[in-house]
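# Results of the structural survey
Listed below are the residues making up each chain.
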Amino acid sequence: MTTPPPYIEIDGAPAADPGLLAILMSGFGHFTAMQVRDGRVKGLDLHLARLDRATRELFGQELDGKRVRTLITGALEASGRRNASVRVYVYPDVRVLVTVAAPAPDGLGAPQRLTTAEYWRPAPHIKHLGGFGQSYHREAAQRAGYDEAVLTSPYGEIAEGAVTNIAFWDGTSLVWPSAPCLEGITMALLEPRLPSVRRPVTLADLSGYRAALVTNSRSIAAVTAIDEVTFTVDGELMERVYSAYDSVEWDEL
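Here's what I pulled together on the structure shown here. (Residues numbered from 1 in each chain as written. Predicted model: local features only at pLDDT ≥ 70, side-chain atom pairs only at ≥ 80, totals over all residues. Heavy atoms only, no water.)

Moving on: the packing of aromatic side chains. All told, the structure shown has 7 aromatic pairs when counted by the stated rule. Look at Phe 31 and Tyr 89: their rings are 5.2 Å apart centre to centre, the planes differ by 25°, and that puts the pair in the stacked class. Taken as a pair, Phe 31 in strand E3 (residues 30–37) and Tyr 89 in strand E5 (residues 84–91) lie far apart in primary sequence, 58 residues in all. The exposure class assigned to Phe 31 is buried, which follows from its relative accessible area of 11%. On the numbers, 5.2 Å between centres and 35° between planes, the contact of Phe 168 with Tyr 209 is tilted. Remark: Tyr 209 occurs in the loop between strand E12 (196–199) and strand E13 (211–215) and Phe 168 occurs in strand E10 (residues 165–169); sequence separation between them is 41 residues. In this structure Tyr 209 comes out as buried when scored by relative accessible area, which is 10%. Over the ring of Tyr 245 we find Lys 42; its NZ or CZ atom is 5.1 Å from the centre of that ring. (Phe/Tyr/Trp six-rings, centres within 6.5 Å; stacked < 30°, edge-to-face > 60°. Helix = DSSP H or I, 4+ residues; strand = E, 2+ residues; numbered from the N terminus. Buried < 20%, exposed > 50% of the residue type's maximum accessible area, 1.4 Å probe, protein only. Lys NZ or Arg CZ within 6 Å of the ring centre and 35° of its normal.)

Written as structure tokens, this is what we have:
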């Protein structure tokens, strides 16, 4: 016997599909976020692989990339946008939700001041829902006048930003922390195109780096400080990093 979904209202009005809304409210699922330009996406294969991999791990089913592409293009057409910020969410029973919003600005983002927070995300290899901890620390950082939080272990090892990957420039290579983290698509595109290494990075190491930067689906930005440690904005480095990202071909949806 199938248990009927709960009765749900939104702002006093019955939800159009209580069953679907109940699934969305469960907070159990995963997603990917991308920038679309003229119906094209950088690293589309990486996004599709991420979605399929997480769907198999969480729900024991595959997620056909063709289905995802069809759903994205349909949502773009319905929204009337060719340039957009798109998110694809996957829930139990492999229900797929696509959101379409205004695109992020192109080019380098504004330099950022960061503060540290002792927190590592559970199952960090999955871009999962229910990220209360990281949202809590990011909001707290912004209320304190910072742009983003850097997540660390109790022993000061750095993993990632609350919604970003972080890298440090030692004068020769970009150093990506080797602690468990979500491997963002922008990070995955940059790492093989620039001199890069992965190794442990601790708070005690910060003063030894020349520069730092953060990346996510919306921007690449220099870091000016992490708590009391300041960094020079290396314009040449940032242009080199952005040029590497800009060189990535756009894939047709």
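Mapped onto the fold, His 137 is located in helix H4 (residues 132–143). Residue classification places His 137 among the buried positions, given a relative accessible area of 19%. Leave out the neighbours within four places in its chain, and His 137 touches Ala 117, Glu 118, Tyr 119 and Ala 149. (Contact = heavy atoms within 4.5 Å.)

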